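Coordinate analysis (summary)
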Amino acid sequence: LFDMNGTLRSCEPHPETQAAAYARLRELLGMPDAGMEYWDELSRRQKAYTRWAQEKRVQLTEAEIWAEWMLPSTPPAHIEPIAAELMLAWQERKGHAVPKPGAGETIRALRQRGYRLGVISNTMSTLDIPGSLEAFGWQEYFEVVILSADIHVRKPSPEPFLEASRRLSVAPSQCAYLGNRLTKDIAGCRQAGYALGLILEPPAGPRADELDSPVKPDGIIHSLAELLDLFPGQGSVH
């Protein structure tokens, strides 16, 4: 099972995507003249929400995030019908998602070798990651996609990991997880009893905010292709 952000995909600046996202936000919010001061304030509110959610290990619905944290003076009834689109545009204002090097080739090879695959990821959007899976042509490879936006619990809670194993009808002790955060990915899968917790280390080395983390992975890889050395063939899937 895989984390998504920073593990199987990354976000890159993309002027066309970003311009379209801001235009969509202005349209949905009915604020055609909104400028950077307005977006900076929303960004501050979103970061405050994220800190709260991570501390509580919960994920509110998109409508709750916008109505309670992002736009608390707007009636919830106005927010709910557009909340999912708002959140997707809010995500895309940063750029567009692209596969990490070797991601597609690696997951295809693992599937061909007989491994059952899934995604477990923290996200505020119910549309963002499913959209990437479709755009990348990866939907057929993943049997389960567990998103905090859907189950309302965030990593490092063990619940997303346990939910994935339940949906696969596989014991946690038969599961391995690859992520890029010790404090979320490794801590969570270890609490859930996964057999293996691996880290994809960024090219620049370990994250500065995790250098002193007491949580240690079972292994560190530096490219997704290294998974093919760790997980040998078990026969092809037809």
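Not measured: the values here are computed from a predicted model.

**Structural notes on the pattern of salt bridges**
Inspection of the entire model under this criterion finds 14 salt bridges. Between Arg 190 and Asp 218 there is a salt bridge, and its shortest N-O distance comes to 3.4 Å. Placement of Arg 190 in helix H10 (residues 182-191) and of Asp 218 in the loop between strand E6 (196-200) and strand E7 (219-221) is noted, with a sequence separation of 28 residues between them. Overall, Arg 190 belongs to the partly exposed group, its relative accessible area being 39%.

**Some thoughts on the environment of Pro 99**
Mapping Pro 99 onto the fold places it in strand E2 (residues 96-99). A relative accessible area of 39% places Pro 99 in the partly exposed class. Considering only alpha carbons, one finds Pro 99 and Arg 9, 90 residues apart in sequence, at a separation of 4.2 Å. If sequence neighbours within four positions are ignored, Pro 99 has contacts with Leu 8, Arg 9, Phe 136 and Trp 138.

**Considerations on the environment of Tyr 22**
In this fold, Tyr 22 is placed in helix H1 (residues 15-29). Spatially, the C-alpha atom of Tyr 22 lies 11 Å from that of Asp 33, the residues being 11 residues apart in sequence. Leave out the neighbours within four places in its chain, and Tyr 22 touches Met 36, Trp 39 and Arg 93.

Here is what the cut-offs are and how they apply
- Residues numbered from 1 in each chain as written.
- Predicted model: local features only at pLDDT ≥ 70, side-chain atom pairs only at ≥ 80, totals over all residues.
- Heavy atoms only, no water.
- Salt bridge = Lys/Arg side-chain N within 4 Å of Asp/Glu carboxyl O.
- Helix = DSSP H or I, 4+ residues; strand = E, 2+ residues; numbered from the N terminus.
- Buried < 20%, exposed > 50% of the residue type's maximum accessible area, 1.4 Å probe, protein only.
- Contact = heavy atoms within 4.5 Å.

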